[in-house]
Amino acid sequence: MKTPPSTEPPRSRSRPPKVALLIETSNAYARGLLAGIEDYIRNYGPWNVYLAEHGRGERVPQWLPDWNGDGILARIENQKIAEALAAIRIPVVDVSSYRLLPKVPAVTTDNEGIARMALEHFTERGFRRFAYCGDARFAWSVARGAQFDAMTDGAGFACAHYPQKVRRESNSDLETDAIARWLGSLTRPIAIFACYDARGQQVLDACRRAGFSAPEQVAVLGVDNDELLCELSPPPLSSVKLNTGRTGWLAAELLARQMAGEKLDPEVLRIPPLGVVTRQSTDTLAVDDAQIASALHFIREHACSGTNVEEVARRAGLSRRLLEMRFRAVLGRPPHDEIMRVQLDRVKELLRQTDLSLAEIAERAGFSHVEYLSAIFKKKVGVPPSQYRRQQVPSGRGRRKP
C-alpha cells in the first residue's frame with residue numbers, strides 16, 4: 001500500500017522532537033533539501049535540530065551510535081552509515097537515491113522525469129544526436145544515464161556514453177582531457193546531457209580544450225541548477241532545476257508522522273523536476289533551414305502574445321502549407337504544437353512561481369479563454385492546473401504575485 005503525503009500536521013507532542021540531519025551543506029542540491037526541511041519546521045515545528053558538520057559519503061559520525069534523539073533525516077550514501085542507522089532503531093527518512101536502507105521511507109529525485117525533460121529540451125531545439133556524460137562513482141548518475149538512454153532509444157535516436165575510467169579523479173585535468181578526446185570522437189553538432197552541474201561545467205571546459213564551440217557544435221545541459229556553478233561556466237550552463245524544496249518538505253513530513261507514532265510503508269517518493277533553466281550553453285537551434293530557424297525564434301518571442309500559424313508563416317516568408325511541411329520535416333511536429341508548447345511552459349512557470357489566478361495566467365500566456373487553457377493543460381500535462389500547482393509547491397508560502 002502506498003503512503004501518500006498527508007496535508008495535515010502530525011499530532012502535538014509534550015516536547016519538541018529532537019532530530020538530527022545527516023545532510024551535507026557543500027552543494028546546491030543538499031542545501032535545497034535543507035531549505036525544504038526548514039520550511040516544514042517553520043510551519044509545523046518547533047523541532048530541536050542537530051545539523052553536524054558532515055560531508056557527502058563520509059564515515060559514520062562518532063556521536064551517531066549513542067545518539068538518543070527522536071528521528072533522523074539522512075542522505076544515506078555508504079553502507080556503514082546505513083548499518084549504523086539501522087542499529088539505532090529510531091525513525092529515519094532517507095533523501096538519497098542509493099536506497100541502502102530499504103526498510104525506511106525515502107524521498108528522492110525522479111530520474112525518469114529528469115531524463116525526459118532533458119531530451120525534450122534538446123529535441124525542441126532541433127538536436128538529433130545525443131550523448132550522456134555521467135560519473136560512474138554515483139549510482140544515481142548511472143541510473144540517470146540509463147533513463148536518458150531509454151528515452152533517446154524510444155524516440156528513435158542513439159545515445160553515446162562517456163567511457164569513464166573510475167580509478168581517475170572525476171574532476172582532474174586528466175579526466176577533462178579524456179572528456180575532450182571523447183568529444184572529438186563524436187559527430188557534431190551534438191547535445192550532451194551531463195549527470196550534474198559540476199560535470200556539465202567540466203564538459204564545457206573540455207570543449208574549450210578541444211576547440212569546439214558551445215552551444216553551436218556542442219550543447220551542454222546539467223542537473224541541479226547550482227546557480228554559482230552555472231553562471232561561472234563559460235558559457236553559462238543550462239540546467240534541469242530540481243524541486244529540492246518539496247523533496248525536503250515531504251521528507252520532514254514523513255519523519256514527523258513516524259515520530260508521532262504512525263507506521264509508514266518503506267516506499268520511495270520520486271519528486272519530478274521543475275523545469276529547465278536555459279542559459280547560453282543550450283541557447284541555440286540545431287536547424288539548418290534558415291526560414292524554420294527564423295520561425296522558431298519568432299514563436300519563442302511571441303507565442304504568449306497571441307500569435308498564430310498564419311502570422312508565423314508570414315514572418316518566415318512562407319505559405320502556411322509550406323511552413324507546415326518544412327516544420328514537420330525538420331522538427332517532427334507542426335508549428336501549432338510549438339506555439340502551444342511555449343505557451344504551456346509559461347503557464348507552468350507562473351503556476352510554480354506566483355499566486356496569480358488561472359484567469360490572469362491565461363491572459364499572460366496568450367490564451368483567450370481560461371476554460372480552454374484548463375482543458376488543454378490537463379490533456380498535455382496530465383493533471384489540472386490547480387493540481388500541478390499543489391504538486392510543485394510544498395506549501396502555500398514562497399510564491400510571489402508580480
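Provided above is the structure to which this section pertains.
Rules of the game
Residues numbered from 1 in each chain as written. Predicted model: local features only at pLDDT ≥ 70, side-chain atom pairs only at ≥ 80, totals over all residues. Heavy atoms only, no water. Helix = DSSP H or I, 4+ residues; strand = E, 2+ residues; numbered from the N terminus. Rg over C-alpha atoms; globule rule 2.2 N^0.38 Å. Buried < 20%, exposed > 50% of the residue type's maximum accessible area, 1.4 Å probe, protein only. Contact = heavy atoms within 4.5 Å. Lys, Arg positive; Asp, Glu negative; His and termini not counted. Charge placed at Lys NZ, Arg CZ, Asp CG, Glu CD. Phe/Tyr/Trp six-rings, centres within 6.5 Å; stacked < 30°, edge-to-face > 60°. Pairing = 2+ DSSP bridges. Axes fitted to C-alpha atoms, helices over the stretch in contact; angles between N-to-C directions.

Looking at the overall build of the chain
From N to C terminus, the chain includes 15 helices and twelve strands. Against the globule reference of 21 Å for 402 residues, the chain gives a C-alpha radius of gyration of 23 Å, in line with a compact fold. Overall size of the chain, expressed as C-alpha extent along the three principal axes, is 75 × 55 × 35 Å. Relative to its full complement of 402 residues, the chain shows a buried share of 51%. For the chain, the proportion of contacts with a sequence separation of at least 24, taken over those separated by at least 6, is 71%. Of the charged side chains in the chain, 56 are positive and 48 negative; the average position of the first set lies 2 Å away from that of the second.

Re the environment of Val60
Among the secondary structure elements, Val60 is positioned in the loop between strand E2 (48–51) and strand E3 (71–74). Between the C-alpha atoms of Val60 and Val312, which are 252 residues apart in sequence, the distance is 61 Å. Among all residues touching Val60, those that are not within four sequence positions of it are Lys80, Ile81 and Ala84.

What to know about the packing of aromatic side chains
Evaluation of the coordinates by the stated rule reveals 19 aromatic pairs. Centroid distance Trp63 to Trp67: 6.1 Å. Interplanar angle 70 degrees. Geometry classified as edge-to-face. We classify Trp63 as partly exposed; its relative accessible area is 22%. Consider the rings of Phe130 and Phe148, whose centres lie 6.4 Å apart with planes at 85 degrees: the pair is edge-to-face. Taken together, the positions of Phe130 in strand E6 (residues 130–133) and Phe148 in helix H4 (residues 139–154) put the pair 18 residues apart, joining distant regions of the chain. Taken together, the ring pairs connect Phe122, Phe127, Phe130, Tyr132, Phe148, Phe157 and Phe193 into an aromatic cluster.

Brief notes about the sheet that holds strand E10 (residues 238–241)
One open sheet accounts for six strands, arranged E7-E6-E8-E9-E10-E12; its pairing is mixed. The open sheet terminates on both sides in strands that have one partner only, identified here as strand E7 (159–161) and strand E12 (275–277). Here the strands of the sheet are splayed against their neighbours by 25 degrees on average, with no regard to which way each runs. Inspection of the sheet shows strand E9 (residues 218–223) paired to E10 by three bridges, in the parallel sense. When the bridges of E10 are listed, Leu221 appears paired with Ser238. Along the sheet face, H4 touches E6, E7, strand E8 (190–194) and E9 and points at about 175 degrees away from the line of E6. Across the face of the sheet, helix H5 (residues 173–184) comes into contact with E6, E7, E8 and E9 while running at roughly 165 degrees to E6.

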